[in-house]
Amino acid sequence: MLITFKSKSSAGLTMYQEHAQRILDLLQKNPSRGVITAAEAAHAVQLLEHEVELSKLHPEVEAEHAAHTHAHALPDEGETPEIAERNHVGFAQRAYPLLEMLRAARDQGDDIIWGV
């Protein structure tokens, strides 16, 4: 399932729900429908920046999450485990676009909505 985040302060952002889930759980938001108000944006930026830093400081947790994700994903044709590991997109990279959207929403006083 796809989630499209929308805000007046930036272009729309579409993510797979499985990738957005960790962020939305952190922010205590429902993945099917919700809003991050302009008032919440500053705190959301802090939480997400902290989680990104933790993921960088503890790569073993990131690797464990990647292994779990790869175990449930169908490999590309001819893809070896080594190639899958090399092509893995980490949490920091996945979170970056939404983090930028949150910063813009915070700075411009706009809400972010999805599922409507």
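Structural data are supplied above this passage.
Each value, and the rule that gives it
Residues numbered from 1 in each chain as written. Predicted model: local features only at pLDDT ≥ 70, side-chain atom pairs only at ≥ 80, totals over all residues. Heavy atoms only, no water. Helix = DSSP H or I, 4+ residues; strand = E, 2+ residues; numbered from the N terminus. Buried < 20%, exposed > 50% of the residue type's maximum accessible area, 1.4 Å probe, protein only. Contact = heavy atoms within 4.5 Å. Areas by Shrake-Rupley, 256 points an atom, 1.4 Å probe, with all protein chains shown as cover. Core = buried A, V, L, I, M, F, W, Y, C linked by side-chain atoms within 4.5 Å. Pairing = 2+ DSSP bridges. Axes fitted to C-alpha atoms, helices over the stretch in contact; angles between N-to-C directions. Parallel < 35°, antiparallel > 145°, perpendicular 65-115°, else oblique. Left-handed = near helix turned anticlockwise from the far one by under 90°.

1. Some details on the overall build of the protein chain
- For the protein chain, the helix and strand inventory stands at five helices and four strands.
- Reading the helices (α) and strands (β) of the protein chain from amino to carboxyl end gives β-β-α-β-α-α-α-α-β.
- Per-residue burial for the protein chain yields a buried fraction of 32% across its 116 residues.
- A separation of at least 24 residues holds for 70% of the contacts in the protein chain among residues at least 6 apart in sequence.
- Of the roughly 7500 Å² that the protein chain leaves accessible, carbon and sulfur atoms contribute 54%.

2. Here's the deal with the nonpolar core
- The biggest cluster of nonpolar side chains holds 23 residues, and the ones touching the most others in it are F5, I23, L102 and I112.
- Contributing elements (two or more residues each) for this core: β1 (2–7), β2 (10–16), α1 (17–26), α2 (38–57), α5 (91–108) and β4 (112–114).
- The element that contributes the greatest number of residues to this core is α5, accounting for eight residues.
- Beyond its immediate sequence surroundings of up to four residues, L102 is in contact with I36, A41, A44, V45, L48 and I112.

3. Regarding the pairing of β1
- Here β1 shows a clear split, with I3, F5 and S7 buried on one side and none of L2, T4 and K6 buried on the other.
- Sheet topology note: the β1/β2 ladder contains five bridges and is antiparallel. Counterpart to S7 in the pairing with β2 is S10.
- Here β1 folds back onto β2, and the loop between the two strands holds two residues.
- Examined bridge by bridge, β1 and β4 share two bridges and lie antiparallel to one another. If you follow F5 over to β4, its bridge partner there is W114.

4. Section: the packing of α1 against α2
- Where α1 contacts α2, the axes come no closer than 10 Å and their chain directions differ by 120 degrees. The angle between α1 and α2 falls in the class oblique. Taken as a pair, α1 and α2 cross one another with a handedness that is right-handed. Residues R22, I23 and L26 of α1 form the contact with α2, whose participating residues are L47, L48, E51 and S55.

5. Concerning the environment of A95
- Turning to its location among the elements, A95 is positioned in helix α5.
- Distance from A95 to A20, taken between C-alpha atoms, is 7.9 Å for residues 75 residues apart in sequence.
- For A95, the residues in contact, after removing those within four places along its chain, are I23, L48 and V52.

6. Here we look at the environment of S55
- Note that S55 resides in helix α2.
- Each C-alpha atom, one on S55 and one on A92, is 7.1 Å from the other, the two residues being 37 residues apart in sequence.

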